[in-house]
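# Fold and geometry: a report
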Amino acid sequence: MKIEWALNHMPVVASLMNNCKKEKPFEGITISAVLHVTKETAVLVKALKECGARVLLAGSNPLSTQDDVAAALAKDGIEVYAWKGETEEEYFWAIRKIIEDGNPDIVIDDGGDLHVTIHKEYPQLAEKIIGGTEETTTGVIRLKAMEKDGVLKYPVIAVNDALTKFMFDNRYGTGQSTIDGILRATNVLIAGKKVVVAGYGWCGRGIAMRMRGMGARVIVTEVDPLRALEAVHDGFDVMPMDDAAKVGDIFVTATGNINVIRKEHFLKMKNGAILANAGHFNVEIDVKSLEALAVSKRRIRPYVDEYKLPDGRKIYLLAEGRLVNLVAAEGHPSEVMDMSFANQFLSVKYLIENKGKLEPKVYKVPHEIDSEVARRKLNAMGIKIDTLTEEQKRYLESW
Ligand code: NAD
Ligand code: SAH
């Protein structure tokens, strides 16, 4: 039912699936995928299977799997190795399982752990891989570093870098679902709170914008002068974390970086400060030093851990410092994943159609795919736009 609900809100993926159900362009192809096991991912992997592929799936975060979705997928013939609450060891066991059992032709990843595990532990299997895709900013950064070091063994399409992905998923998706996660975990009132957003990239912009919409007084921290300047002109207060730490009620990290909130900041925070992460793995908030600093720790409610500092102040960490939107809520809404996963679907098709022609590099999503996704989405939303007249085309091309 949940998956059906998602499918009804994912018209672009649904139309792509319906178009190729008959020809089955993925017949004979094995796909190993590491994605958050959500109802939206279910729609994608079922579409890939419907179009002929064998699909093996592992979770993209130890805490983000929706167990009911995993069970439903297993019933439908997807080989799923994921459950909510995996240990770090079990998380990597599942990734190794879909590599070994699948011996895949195509790999789909979200965060880079699948690509890195293949390159480090299964280099012999990498030779056979036609290509891969990558869903998120941090994964693309890791893959570009592999390309730069000359170790990348197969072509990868950076799905994250499609305009119809990051402008919508990272901004509006993270903007809404991060607040959803914080509210489901805490049910605190946002209005009137000082919310500190670390990082004013695509995710940070969305979170700051939506927090303001709910009445928060938003402070942005940045390291990039251009992004900081943009945040100032968007009307936000900008200051270093050292200063923000003293005044914030709720802190949200979305930088893709490590130890953005660390010991020196915890020591300055107000009693009752709430910390959440919407970015990279569980490294943006330095949880280890918070653990070391605290004299006691207890679970107050699901996804809310209270850390008592030596002077009696209490700090609340949500979702163990992992992606709050996927751990404490359901991740991005289906409508936005529709575009991200349409890019995944079309990128997989592109890799198969161009088998042997691509070098082991990180490729952008071809512009035609991006435009196709935008066109189909507008169409599904019933929105028509203008077309250039011949006179306008000539005008725009002339000097
Ligand atoms: P981005 O590159 O657009 O933005 C990151 C910003 O953080 C940059 O402006 C950078 O200057 C800033 N930054 C880096 N170090 C910083 C520091 N120490 N203090 C303050 N700012 C700092 O990236 P993005 O697309 O916004 O993605 C951010 C992270 O969120 C990535 O790890 C990405 O994988 C992840 N992500 C999560 C979700 C989700 O569902 N929660 C969705 C999309 C992306
Ligand atoms: N393994 C990394 C993954 C980063 S997650 C980690 O745990 O930190 C960020 C990605 O999650 C985004 O790029 C977004 O496309 C994806 N995501 C967000 N909501 C989702 C949903 N409902 N279903 C599947 N993926 C989702």
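Taking an unreviewed UniProt entry as the reference, the protein chain is identified by name as Adenosylhomocysteinase belonging to Ignicoccus islandicus DSM 13165. Recorded in UniProt under Function (unreviewed entry), the annotation for the protein chain is "May play a key role in the regulation of the intracellular concentration of adenosylhomocysteine." Per its UniProt entry, the protein chain bears the Subcellular location (unreviewed entry) comment "Cytoplasm".

## Comments concerning the environment of Leu358
Following the sequence through the fold, Leu358 ends up in the loop between α16 (334-353) and β15 (362-364). Residues Leu358 and Leu16 lie 342 residues apart in sequence; the distance between their C-alpha atoms is 24 Å. Residues contacting Leu358, with those up to four places away along its chain left out, are Pro155, Tyr350, Leu351 and Tyr363.

## Remarks on helix α2 (residues 11-20)
If you check which residues of α2 are buried, you get Val12, Val13, Ala14, Leu16, Met17 and Cys20. Buried residues in α2 make contact with α1 (2-8), α3 (39-50), α16 and α17 (367-381).

## Some points on the site of ligand 1
Around ligand 1, a shell composed of 27 residues is seen, among which Thr136, Thr137, Thr138, Glu222 and Arg227 lie nearest. Contacts to ligand 1 include Arg227, whose side-chain N or O atom sits 2.8 Å from an oxygen atom. When ligand 1 sits alone it has 860 Å² of accessible area, and the protein chains cover 85% of it. Elements with a minimum of two residues in the shell around ligand 1: α8 (137-148), α9 (163-186), α10 (202-213) and α15 (324-327). In terms of residue count, α9 provides more of the shell around ligand 1 than any other element does, three residues in total.

## Points about the sheet that holds strand β13 (residues 304-308)
In any sheet, the strands associate via hydrogen bonds between backbone groups, in a parallel or an antiparallel arrangement. Sheet architecture is open: eight strands sit in the order β9-β8-β7-β10-β11-β14-β13-β12, paired in mixed fashion. Bordering the open sheet on either side are β9 (237-238) and β12 (296-301), each of which pairs with just one other strand. For β13 and strand β14 (residues 314-318), the ladder comprises five bridges, and the chain directions are antiparallel. Each residue of the ladder has a partner; that of Val304, found in β14, is Leu318.

About the criteria used
Residues numbered from 1 in each chain as written. Chains lettered and ligands numbered in written order. Predicted model: local features only at pLDDT ≥ 70, side-chain atom pairs only at ≥ 80, totals over all residues. Heavy atoms only, no water. UniProt positions renumbered as here; feature names shortened; annotations may be inferred. Helix = DSSP H or I, 4+ residues; strand = E, 2+ residues; numbered from the N terminus. Contact = heavy atoms within 4.5 Å. Buried < 20%, exposed > 50% of the residue type's maximum accessible area, 1.4 Å probe, protein only. Near = heavy atom within 4 Å. Polar contact = N/O pair within 3.5 Å; in protein donor to acceptor, adjacent residues only side chain to side chain. Areas by Shrake-Rupley, 256 points an atom, 1.4 Å probe, with all protein chains shown as cover. Pairing = 2+ DSSP bridges.

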